[in-house]
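# Structural features, examined
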Amino acid sequence: MPAGLCFLIATFLWGSSFVALKAAIDIYPPSFVIFLRMLITLLICFCLKPWIKRFKYQQGDWKWLLMMSLAEPCLYFLFEGYAMQYTSASQAGIIVSCLPLMVAFFAFFLIQEKLSKQIIIGFGLCIAGSILLSLVSPNTDHAPDPLLGNTLEFLAMVCAAFYVVSMKHLLNRYSALSLIALQGLSGTLFFAPFLLFIELPAQHDVNALLNILYLGSAVTLGAYGMYNYGLARSSVLTAAAYSNLVPIFALLLSALLLNEILTVWQWASIAVVFIGILVSKRHAHVEHANV
């Protein structure tokens, strides 16, 4: 399967995850949602064990494996899970627009990929647009505290960027499915203690549980599987560029399924973010011209 098609499917699934996560967290505590999501992923990976290449640890990789697991799913889902309590699915999707530029920074420091002036300017514009989006967003039923929620989502994107770069390094040494299984295991163990400090609703909600099932199967397993498959066959920055589609899918699905409506100032903030992305894209064109 072409890498571009893998990225397209992955970004659509990630865009839909904001809607599903919002629906689940409206009923259940974030830590319970993420724990059950990770457990579902782990169980599915266990069922797919015959198709998972035998995991053979290579000396010195423990730092990369530990940091990958800590960045995502542990801290990433912790930040994003609580972010969705305070911000809307559409606003959270827009914050994802900053991911490619964050990936560029981590790629520069960790795997020595070139960092240009365009990337730095674009990164600044994306941060400014994200802050503006938070400040101008009104408090609503979908977003009771957008400043806090969008800040937490931004921290989640920092974790996601580190994950992408570390995953690129590890995919040269391990299979994508075995790394997803490791994520399921680490996420389940990380979020299990949180269950001791939460209170579940008196009655379970079937729709919310189905959304968690969707998150643990189609999103965590499907999206990460597709993304990692494509990532192994392309550059880090090319893979990260496709995440620009996530907010588009998130906006469309939020409008269709959650009836979310953005204000004029929110659209202006979104424009600033996308201008930052367009500026950063000049980096890729310059690189291509110099090759």
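Residues numbered from 1 in each chain as written. Predicted model: local features only at pLDDT ≥ 70, side-chain atom pairs only at ≥ 80, totals over all residues. Heavy atoms only, no water.

### Some thoughts on a nonpolar patch on the surface
For the record, the criterion: Like-charged residues are merged into a patch within 9 Å and nonpolar side chains (Val, Leu, Ile, Met, Phe, Trp, Tyr) within 5 Å, provided each residue has over 30% relative accessible area and no salt bridge. Per-residue accessibility takes into account occlusion by the displayed protein chains alone, with areas from the Shrake-Rupley method and a 1.4 Å probe. In what follows, salt bridge is the name for a side-chain nitrogen of Lys or Arg lying within 4 Å of a carboxyl oxygen of Asp or Glu. Elements are defined by DSSP. Helices are runs of H or I of four residues or more, strands are runs of E of two residues or more, and each kind is numbered from the N terminus.
Taken together, the side chains of Met1, Leu5, Leu8, Ile9 and Tyr229 define a hydrophobic patch exposed on the protein surface, amounting to about 410 Å² of accessible area. Among the elements that line the nonpolar patch, the one with the most residues is helix α1 (residues 3-25), at three residues. Relative to the assigned elements, methionine 1 resides in the segment before α1.

### A word on the pattern of salt bridges
Our working definition: The classification of residues rests on relative accessible area computed with a 1.4 Å probe and restricted to protein chains. Under 20% of the type maximum is buried, over 50% is exposed, and intermediate values are partly exposed.
Enumeration according to the criterion identifies one salt bridge in this entry. Between arginine 173 and aspartate 61 there is a salt bridge, with its nearest N and O atoms 2.7 Å apart. Placement of arginine 173 in the loop between α7 (146-170) and α8 (176-191) and of aspartate 61 in the loop between α2 (30-47) and α3 (62-86) is noted, with a sequence separation of 112 residues between them. Residue class for arginine 173 comes out partly exposed when judged on its relative accessible area of 31%. On the accessibility criterion, aspartate 61 (3% relative accessible area) is buried.

### A short note on the side chain of serine 166
Put simply, the test is: Any pair of residues with heavy atoms lying within 4.5 Å of one another is described as a contacting pair.
For serine 166, the position within the fold is in helix α7. Judged by relative accessible area, which is 0%, serine 166 ranks as buried. Excluding anything up to four places from it in sequence, serine 166 contacts Trp64 and Met68.

### Regarding the packing of aromatic side chains
Heads up, the rule is: Pairing of aromatic rings covers Phe, Tyr and the six-membered ring of Trp, with a centre-to-centre limit of 6.5 Å; geometry is then stacked below 30 degrees between planes, edge-to-face above 60, and tilted otherwise.
Within this structure, the stated rule accounts for ten aromatic pairs. Pairing tyrosine 163 with tyrosine 224 gives two aromatic rings, centres 5.6 Å apart and planes at 90°, and the pair type is edge-to-face. Separated by 61 residues along the polypeptide, tyrosine 163 in helix α7 and tyrosine 224 in helix α9 (residues 206-231) bring together distant segments of the chain. A single burial state applies to tyrosine 163 and to tyrosine 224, both of which are buried.

### A word on the side chain of arginine 37
Mapped onto the elements of the fold, arginine 37 is located in helix α2. The contact partners of arginine 37, leaving out residues within four places of it in the chain, are Phe77, Ile212, Leu215, Gly216, Val219 and Thr220.

### Focus on the packing of α2 against α3
This is how it is decided: In this description, a line fitted to the C-alpha atoms serves as the axis of each element, helices being fitted only across the stretch in contact, and the angle between N-to-C directions of two axes falls anywhere from 0 to 180 degrees. Put simply, angles under 35 degrees are roughly parallel, angles over 145 are roughly antiparallel, angles from 65 to 115 are roughly perpendicular, and the rest are oblique. Crossings are classed by handedness, with left-handed meaning an anticlockwise turn of the near helix from the far one by less than a right angle and right-handed meaning a clockwise turn.
Here α2 crosses α3 at 135°, and the two axes come no closer than 9 Å. Classified by the interaxial angle, the pair formed by α2 and α3 is oblique. Along this stretch, α2 crosses α3, giving a crossing that reads as right-handed. Touching Pro30, Ser31, Ile34, Arg37 and Met38 of α2 are Pro73, Phe77, Gly81, Tyr82 and Gln85, all from α3.

### With respect to the environment of glycine 216
Relative to the assigned elements, glycine 216 resides in helix α9. For glycine 216 and phenylalanine 35, which are 181 residues apart along the polypeptide, the C-alpha to C-alpha distance reads 9.6 Å. Other than its neighbours up to four places away in sequence, glycine 216 contacts Arg37, Ile40, Thr41, Ile44 and Leu221.

### Points about the nonpolar core
Basically, it comes down to this: For the purposes of this section, nonpolar cores are sets of buried Ala, Val, Leu, Ile, Met, Phe, Trp, Tyr and Cys residues that join through side-chain atoms within 4.5 Å.
In terms of nonpolar packing, the biggest core is built from 66 residues, with Trp14, Val33, Tyr76, Val103, Met157, Leu179 and Tyr227 touching the most fellow members. It is α7 that provides the largest number of residues to this core, a total of eleven residues. When sequence neighbours within four positions are dropped, the list of residues in contact with methionine 157 reads Tyr76, Glu80, Ile95, Val96, Leu99 and Met102.

### Some remarks on α3
Short version of the rule: Expected span of a helix, by definition, is 1.5 Å for each gap between consecutive residues, and there is one gap fewer than residues. Note that the bend at a residue is defined as the angle between axes fitted to the seven residues ending at it and the seven residues starting at it.
For α3, with 25 residues, the first-to-last C-alpha span of 35 Å sits near the 36 Å given by 1.5 Å per residue. Maximal helix bending in α3 amounts to about 30°, located at alanine 71; proline proline 73 follows within four positions.

### So, the packing of α1 against α2
Filter applied, for reference: For this classification, the nonpolar set comprises Ala, Val, Leu, Ile, Met, Phe, Trp, Tyr, Cys and Pro, the charged set comprises Asp, Glu, Lys and Arg, and every other residue, Gly included, is treated as polar.
Interaxial distance between α1 and α2 falls to 9 Å at its minimum, and their mutual angle equals 125°. By the angle between their directions, the pair α1 and α2 is classed as oblique. Once α1 is placed against α2, the crossing between them reads as right-handed. Along the contact surface, α1 presents Leu21, Ala24 and Ile25, while α2 presents Pro30, Val33 and Ile34. Grouping the constituent residues of the contact of α1 with α2 by class yields six nonpolar, no polar and no charged.

### Focus on the confidence of the model for the chain
Under the convention used in this document: In predicted models, pLDDT denotes the confidence assigned by the predictor to each residue on a 0 to 100 scale.
The pLDDT averaged across the chain works out to 80; a share of 79% of its residues lies at or above 70. In this model, residues 284-291 is a region of pLDDT below 50 whose contacts with residues beyond four sequence positions or in other chains number one contact.

### A look at α8
Here α8 contains 16 residues, and its C-alpha end-to-end distance of 22 Å stays within 8% of the 22 Å for a straight helix at 1.5 Å per residue. Considered for burial, the residues of α8 that qualify are Ala176, Ser178, Leu179, Ile180, Ala181, Gln183, Gly184, Ser186, Gly187, Thr188 and Phe191. Of the surrounding elements, those touching the buried residues of α8 are α2, α3, α7 and α9.

### Some remarks on the environment of valine 236
Counting through the fold element by element, valine 236 comes out in helix α10 (residues 236-241). Residues valine 236 and alanine 107, 129 residues apart in the sequence, show an inter-C-alpha distance of 7.5 Å.

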